[in-house]
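Here's the letter readout for the chains.
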Amino acid sequence: MGIIPTIIMVIAIAFQCVATVFALRLVRTTKYNSVWILFIIGFLLLSVMLVLLFEHFAGNIEIADGVFIIIGGTVLLCEAIGVMYAHKLFGYIDRLNRRQELYNKRLLTAILRTEESSRSRFARELHDGTGPLMSAAKMSLTALASEQRPEKRKELLDNTIRVIDEAIRSLREISNNMQPQVLEDFGLVGGLRNFIDKSVSLHNVRMDFATNLRSERFHSDVEVIFYRVICELINNSLKHSGCSSIALSLVLGDGMLIMEYADDGCGFELSEAADKGMGLSNISSRIDYLNGELVMEAQRGKGMRAGIKVDVRNALRSDRTTD
């Protein structure tokens, strides 16, 4: 036998031994280990057959042709049965993946609902507890301010009343952000317009909002998630990008609710956004909860764009907001 066939034979035997070692490890770590046992038997028999062929052609031993046929047939049989069992193994892996996805979905659902429940509870406590107390304090101070008092004390009372007014406004804003009652009263579009109007009044930014939605109402999960995601995007633009304009569109068509968002700010690298507290992972998780699609593009000096698409054919409500 020549040098090249000998080298090829040795390399083939070496690879068979390596494959056998890997198969032995897989026996211990996976279900349906009979698959790997069959492959191990096949690899070992194939290595034996290669050694016998090498010795036979080298003239060291005489082996009947029937021996090679038996060994080869056994190898083919082991490999064929192993492939059939491997199909079961892949099916088992697919089932595990589906179970994991279902578990993750249920876990995310529980987290989001717990979060919204906590927000609602805190908002009610602020609105029904702290709010009335602040209002009562303001009424008492207003009554005191109406009495004849020295100018210095009257000025002090007036300043205190202004501080309490600001605290009441702040409480209302916090309560509304935690539990946006405007969504329940006026729907998604009304809530977004209200948030945009407030943001424009506080920042020197132009915001264009285009939508074909009128009085359509969606399941509360859809409305709350779209509202919070869009508010998060706007807040990120206002806090981090230094943008001068924001464009937002929300379109319903063919049962799909599609949002497009863009700003002309400084942009950022998506890989670095997680370290800046921009809440992008939270946005992604919320859209995943709705089985939606999220596409986000950003580049330094070129602003950012985001697109969301969610199937809402089963989330439309029969009740509608009044215009």
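Here the structure is a predicted model, which is why all the values come from computation and not from measurement.

Caption draft 1: A look at the overall build of the chain. Looking only at helices and strands, the chain has eight helices and seven strands in total. Here the chain, with 323 residues, has 35% of them falling under the buried criterion. Taking contacts inside the chain between residues at least 6 apart in sequence as the whole, the part at least 24 apart equals 70%. By element, 59% of the accessible surface of the chain is carried by carbon and sulfur atoms, the whole surface being about 19,900 Å².

Caption draft 2: Focus on the pattern of salt bridges. Evaluation of the coordinates by the stated rule reveals three salt bridges. Measuring nitrogen to oxygen at the nearest pair gives 2.8 Å for the salt bridge that ties E223 to R217. A single burial state applies to E223 and to R217, both of which are buried. For the salt bridge of D311 with R313, the shortest nitrogen-to-oxygen distance reads 2.5 Å. Exposure remark for D311: the relative accessible area of 36% places this residue in the partly exposed category. By relative accessible area, which is 54% here, R313 ends up exposed.

Caption draft 3: Examining helix 6 (residues 220-241) more closely. Compared with the 32 Å implied by 1.5 Å per residue over 22 residues, the 30 Å span of helix 6 between its first and last C-alpha is a close match. Trailing helix 6 by a residue or two, G242 shows a phi angle of about 65 degrees, which is positive.

Caption draft 4: Representation of the nonpolar core. Core analysis: the biggest nonpolar cluster contains 42 residues, and F226, L233, I234, L250, L257, M259 and Y261 have the highest contact counts within it. Contributing elements (two or more residues each) for this core: helix 5 (181-202), strand 1 (206-211), helix 6, strand 3 (245-253), strand 4 (256-263), helix 8 (280-289) and strand 6 (304-311). Looking at which element gives the most residues to this core, the answer is helix 6, with eleven residues. Contact partners of I234, with chain neighbours within four places excluded, come to F195, I196, S199, M207, I246 and Y261. Listed in part, the six residues of the second largest apolar core include V35, F39, F43 and L89.

Caption draft 5: Highlighting the pairing of strand 1. On strand 1, burial follows the alternation: M207, F209 and T211 on one face are buried, whereas R206, D208 and A210 on the facing-out side are not. With six bridges joining them, strand 1 and strand 3 adopt parallel strand pairing. Paired with D208 across the two strands is A247, which belongs to strand 3.

Caption draft 6: Representation of the packing of aromatic side chains. A full pass over the atoms with the stated rule returns one aromatic pair. Taking the centre distance of 6.4 Å and the plane angle of 75 degrees together, the rings of F195 and Y227 count as edge-to-face. Of this pair, F195 sits in helix 5 while Y227 sits in helix 6; the two residues are 32 residues apart in sequence, bridging distant segments of the chain. Residue F195 is classed as buried on the basis of its relative accessible area of 12%.

Caption draft 7: Fine view of helix 5. In a regular helix each residue adds 1.5 Å, so 22 residues correspond to 32 Å; helix 5 covers only 21 Å between its end C-alpha atoms and thus falls short of that length. Along helix 5, the helix axis deviates most sharply at G187, where the bend reaches about 125 degrees. Within helix 5, the full set of buried residues consists of V182, L183, G187, L188, V189, G191, L192, F195, I196 and S199.

Caption draft 8: Looking closely at the side chain of S199. In this fold, S199 is placed in helix 5. Not counting the four nearest positions on each side in its chain, S199 is found in contact with M207, I234 and L238.

Caption draft 9: Structural view of the environment of L89. Relative to the helices and strands, L89 is located in helix 3 (residues 65-146). Distance from L89 to V35, taken between C-alpha atoms, is 8.2 Å for residues 54 residues apart in sequence.

Caption draft 10: Structural detail: the packing of helix 5 against helix 6. Direction vectors running N to C along helix 5 and helix 6 enclose 5 degrees, while the axes themselves pass 10 Å from each other. Viewed along their axes, helix 5 and helix 6 adopt a mutual orientation that is roughly parallel. In this structure, helix 5 contributes L183, G187, L188, G191, L192, F195, I196 and S199 to the contact, and helix 6 contributes E223, V224, F226, Y227, I230, C231, I234, N235 and L238. By residue class, the composition of the contact of helix 5 with helix 6 is twelve nonpolar, four polar and one charged.

Caption draft 11: Inspection of a nonpolar patch on the surface at higher detail. Together, I3, I7, I11 and F15 make up a nonpolar patch on the protein surface, roughly 450 Å² of accessible area in all. Following the sequence through the fold, I3 ends up in helix 1 (residues 3-29). For I3, a relative accessible area of 68% puts it in the exposed group.

Rules of the game
Residues numbered from 1 in each chain as written. Predicted model: local features only at pLDDT ≥ 70, side-chain atom pairs only at ≥ 80, totals over all residues. Heavy atoms only, no water. Helix = DSSP H or I, 4+ residues; strand = E, 2+ residues; numbered from the N terminus. Buried < 20%, exposed > 50% of the residue type's maximum accessible area, 1.4 Å probe, protein only. Contact = heavy atoms within 4.5 Å. Areas by Shrake-Rupley, 256 points an atom, 1.4 Å probe, with all protein chains shown as cover. Salt bridge = Lys/Arg side-chain N within 4 Å of Asp/Glu carboxyl O. Expected span 1.5 Å × (residues − 1). Core = buried A, V, L, I, M, F, W, Y, C linked by side-chain atoms within 4.5 Å. Pairing = 2+ DSSP bridges. Phe/Tyr/Trp six-rings, centres within 6.5 Å; stacked < 30°, edge-to-face > 60°. Bend = angle between axes of the 7 residues up to and from the residue. Axes fitted to C-alpha atoms, helices over the stretch in contact; angles between N-to-C directions. Parallel < 35°, antiparallel > 145°, perpendicular 65-115°, else oblique. Nonpolar A, V, L, I, M, F, W, Y, C, P; charged D, E, K, R; others polar. Patch = residues over 30% accessible without salt bridge, like charges linked within 9 Å, V, L, I, M, F, W, Y side chains within 5 Å.

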